[in-house]
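A structural walkthrough
The residues making up each chain are set out below.
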Amino acid sequence: MHFTMKDEILKRFLNANGEPISGQALADELQVSRTAIWKHLQTLKQEGYEFDTVKKRGYKLVTVPDKVDMGQLQQFLKTKRYGRQVHYFESVESTQLVAHELVREGGPDGTVIIAEHQTAGRGRMMREWESSEGKGIWMTIIIRPEIAPHQAPQFTLVTAVAVVNAMKAMFKNFTPEIKWPNDILVNGKKTTGILTEMVAEADRIQALLIGIGINVNQQMDDFPEPLQSIATSIAIEEGEPIERVHLVANVLDFLEHYSDMYVKNGFGFIKTLWEDSSGTIGKRVKATTLREVVEGEAISITENGVLQIRQANGEVKGIYSADIEIL
Amino acid sequence: MFKVQEIREIIKLVDASSIDEFVYEADGAKVKLKKKNGVTEVVAPKKVEEAPVAQVAAPAPTAVASIPAPAPKVETPAPVENAADLHKITSPMVGTFYQSPNPEAAPYVKVGDKVGDESIVCIVEAMKLFNEIEAEIKGEIVEILVQDGQLVEYGQPLFLVKAE
């Protein structure tokens, strides 16, 4: 990762948990003049960062900008393909809809659609997904993997493994867990939803459209009241504002790595990584499908990622599609 | 010599690893494992035998025994069409069949509807991967072979279409 002096300064403020940092200390640590530090802070202010001056103690970061900087994204990315073509929008109906158009137009493997705001973000079964402006990461990644269509569902677990490990690499104050198949929860509350659509012919995948919604900088009162008991954001759990572009870059880095690994080596290793971060296995769960409700202990996932629930009568049921509630 | 149990264990470990090729020699015995094309073979779900049209009244068999079989339909299918004339739209993967985008919405297609190549006829979902199935043929929906919310197998016929 290539960091400029400005990024180095920003990193220290982001890591300071809202505590003030003195200009002199920064200048000493980075071996530049105080004037240089001041100039970089002016640039950061122009980009939307806001600092308070704390008497005799220095500057305190109080606001991070409400835009994901695409130039910075290219600097931070370590990927070959993912995120190298980005379509950025202030506001769209949904990034998935844009992705469908780009798939038809031949958008390459790794194309990313990212929006500050979605007017019609959707979850499973067309449920509304709250995607407030500038607070979260709302994006779709178009991938074109060389696998058979019947292997595609495992990709939703690959995505969960990538997002959860990107978070673990960046954040130290909380432990994210995967709820089958691919929600990311922190202390039982949802931070991330992933929904994947496939465009395929009978025997060939044209594209997978991986939609990822991450609650990043929301505070509790940013969520509509009915969501407050079930949703959370990374900023709430980590205790400080997060620069979204770093998280976007990290998610894409991990996703390209694990996707390639899955295509090359199969699901075995991904399964192990999924189990390492699972907040589902060993728990009592309730799975609600269109036709029935299955309650019992989540005992494992199969070699294909199917959730196995042992019911009270001892019968084990394989779950392919359901809303899972951890009891 | 190796015990079967030992070989089984080695296969499991290699399978779960990123190793493409594995050779182990001890006491004159040798085991060599190689992954096909460097890809761990994912056991492809077996293609379901396609039921002849005459048996359409019986529920399509599902390989997962734990899923309750749908209630058999009471009406007998009109035996007017010859099976050979009808095109089958099959499921590309194991998953749940949905006839509409959400439980409140109208179904994508009904019996008697005309469809084109790119008409969406249903969704098959597994593990939050949603697959909108296109007809890939021009014609008329003659029969819907599965029920909303039913688990369907890889290759299982979902619709019969009278091609135009």
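Residues numbered from 1 in each chain as written. Chains lettered and ligands numbered in written order. Predicted model: local features only at pLDDT ≥ 70, side-chain atom pairs only at ≥ 80, totals over all residues. Heavy atoms only, no water.

**Notes on the confidence of the model for chain B**
All names here are of chain B. On average, residues of chain B carry a pLDDT of 74, and 52% of them reach 70 or more. For the stretch residues 38-77, pLDDT sits under 50, and the model shows 68 contacts to residues farther than four places along the chain or on other chains. This complex was scored by the predictor with a pTM of 0.74 and an ipTM of 0.81. (pLDDT = per-residue confidence, 0-100. Contact = heavy atoms within 4.5 Å.)

**A short note on helix H9 (residues 268-276) of chain A**
For H9(A), the full list of buried residues reads A:Gly268, A:Ile270, A:Lys271, A:Leu273 and A:Trp274. For H9(A), the secondary structure elements touched by its buried residues are helix H6 (155-170), strand S6 (177-179), helix H8 (244-265) and strand S11 (293-301) of chain A. (Buried < 20%, exposed > 50% of the residue type's maximum accessible area, 1.4 Å probe, protein only. Helix = DSSP H or I, 4+ residues; strand = E, 2+ residues; numbered from the N terminus.)

**Focus on the pattern of salt bridges**
The final tally for this structure, using the stated rule, is 20 salt bridges over all chains. Taking the shortest distance from any N to any O, the salt bridge between A:Lys271 and A:Glu275 comes out at 3.0 Å. Here A:Lys271 pairs with A:Glu275, and both are found in helix H9, just four residues apart, close to one helical turn. Salt-bridge contacts for A:Glu292 lead to A:Lys317; the nearest nitrogen and oxygen are separated by 2.9 Å. Of this pair, A:Glu292 sits in the loop between strand S10 (284-288) and S11 while A:Lys317 sits in strand S13 (residues 316-319), and the two are 25 residues apart along the sequence. One salt-bridge network, in which partners are shared between bridges, spans A:Lys179, A:Asp183, A:Lys190 and B:Lys128. (Salt bridge = Lys/Arg side-chain N within 4 Å of Asp/Glu carboxyl O.)

**Looking at the UniProt feature "binding site: biotin" (unreviewed entry) in chain A**
All names here are of chain A. As annotated in UniProt, the feature "binding site: biotin" (unreviewed entry) corresponds to Gln118, Arg122, Gly123, Arg124 and Lys190 in the numbering used here. If you trace the backbone, Gln118 turns up in the loop between strand S4 (111-115) and strand S5 (136-143). Gln118 gets classed as buried once you look at its relative accessible area, which sits at 10%. Once residues within four sequence positions are removed from consideration, Gln118 is found in contact with Val92, Glu93, Ser94, Thr95, Trp129, Ser131 and Trp138. A distance of 2.9 Å separates the side chain of Gln118 from the backbone nitrogen of Thr95, its partner in a polar contact. Of note, Lys190 is situated in strand S8 (residues 189-200). Look past the residues within four positions of Lys190 in its chain and what remains in contact with it is Trp129, Asp183, Ile184, Leu185, Asn215, Ile230, Ala231 and Thr232. Of note is the side chain of Lys190, whose polar atom sits 3.3 Å from the side chain of Asp183. (UniProt positions renumbered as here; feature names shortened; annotations may be inferred. Polar contact = N/O pair within 3.5 Å; in protein donor to acceptor, adjacent residues only side chain to side chain.)

**Let's talk about the pairing of S13(A)**
Residue and element names in this part refer to chain A. Of the pairings in the sheet, the one linking strand S12 (residues 307-310) to S13 comprises four bridges and is antiparallel in character. Its bridge partner being in S13, Gln308 is matched across the sheet by Gly318. Between S12 and S13, which follow one another and run antiparallel, lie five residues, and Gly314 among them has a positive phi close to 90°. (Pairing = 2+ DSSP bridges.)

**Observations regarding the environment of A:Ala120**
Residues and elements named next belong to chain A. By the element assignment, Ala120 lies in the loop between S4 and S5. Considered as a pair, Ala120 and Leu97 are 23 residues apart in the sequence and their alpha carbons are 9.8 Å apart. When residues no more than four places from it in sequence are discounted, the contact partners of Ala120 are Val92, Glu93 and Ser94.

**Digging into a negative patch on the surface**
Taken together, the side chains of A:Asp203, B:Asp117, B:Glu118, B:Glu132, B:Glu134 and B:Glu136 make up a negatively charged region of the molecular surface. Structurally, B:Glu134 can be placed in strand S7 (residues 129-134). (Patch = residues over 30% accessible without salt bridge, like charges linked within 9 Å, V, L, I, M, F, W, Y side chains within 5 Å. Areas by Shrake-Rupley, 256 points an atom, 1.4 Å probe, with all protein chains shown as cover. Lys, Arg positive; Asp, Glu negative; His and termini not counted. Charge placed at Lys NZ, Arg CZ, Asp CG, Glu CD.)

**Observations regarding unusual backbone geometry**
All names here are of chain A. The step from Trp180 to Pro181 runs through a cis peptide bond, and the omega angle for that step is -5°. Of note, Pro181 is situated in the loop between S6 and strand S7 (183-186). Not every positive phi belongs to a glycine, and Lys56 is a case in point at roughly 65°. For Lys56, the location among the structural elements is in the loop between strand S1 (50-54) and strand S2 (58-63). A residue is classified by how much of its surface remains accessible, and Lys56, at 86% relative accessible area, is exposed.

**Things to note about the sheet that holds strand S10 (residues 157-163) of chain B**
Residues and elements named next belong to chain B. Taken together, four strands build an open sheet; the order of strands is S3-S10-S8-S5 and the sheet is antiparallel. Looking at which strands have only one partner, the edges of the open sheet turn out to be strand S3 (86-90) and strand S5 (114-115). Pairing analysis gives five bridges linking S3 to S10, with the strands arranged antiparallel. The partner of Lys88 across the bridge, within S10, is Leu160.

**Examining the sheet that holds S13(A)**
Residues and elements named next belong to chain A. Here five strands make up an open sheet; going across it, the order is S13-S12-S11-S10-S14 and the pairing antiparallel. Edge positions in the sheet fall to S13 and strand S14 (323-326), since each has one partner strand and no second. Direction aside, neighbouring strands of the sheet carry axes that sit 45° apart on average. Across five bridges, S10 lies against S11 in antiparallel orientation. Among the inter-strand pairings, Lys286 is bridged to a residue of S11, identified as Glu295. (Axes fitted to C-alpha atoms, helices over the stretch in contact; angles between N-to-C directions.)

**Quick word on the packing of aromatic side chains**
Residues and elements named next belong to chain A. Under the counting rule described, the total for this entry stands at six aromatic pairs over all chains. Aromatic side chains Phe155 and Tyr262 sit 5.3 Å apart centroid to centroid with 85° between the ring planes, which places their arrangement in the edge-to-face category. Of the two residues, Phe155 sits in helix H6 while Tyr262 sits in helix H8, which places them 107 residues apart along the sequence. Tyr262 carries the same exposure label as Phe155, and that label is buried. A ring pair is formed by Tyr262 and Phe267, whose centres lie 6.2 Å apart and whose planes are at 85°; its orientation type is edge-to-face. We classify Tyr262 as buried; its relative accessible area is 2%. Looking at Phe267, the relative accessible area reads 4%, which means it is buried. Members of the aromatic cluster, joined through ring pairs, are Phe155, Tyr262 and Phe267. (Phe/Tyr/Trp six-rings, centres within 6.5 Å; stacked < 30°, edge-to-face > 60°.)

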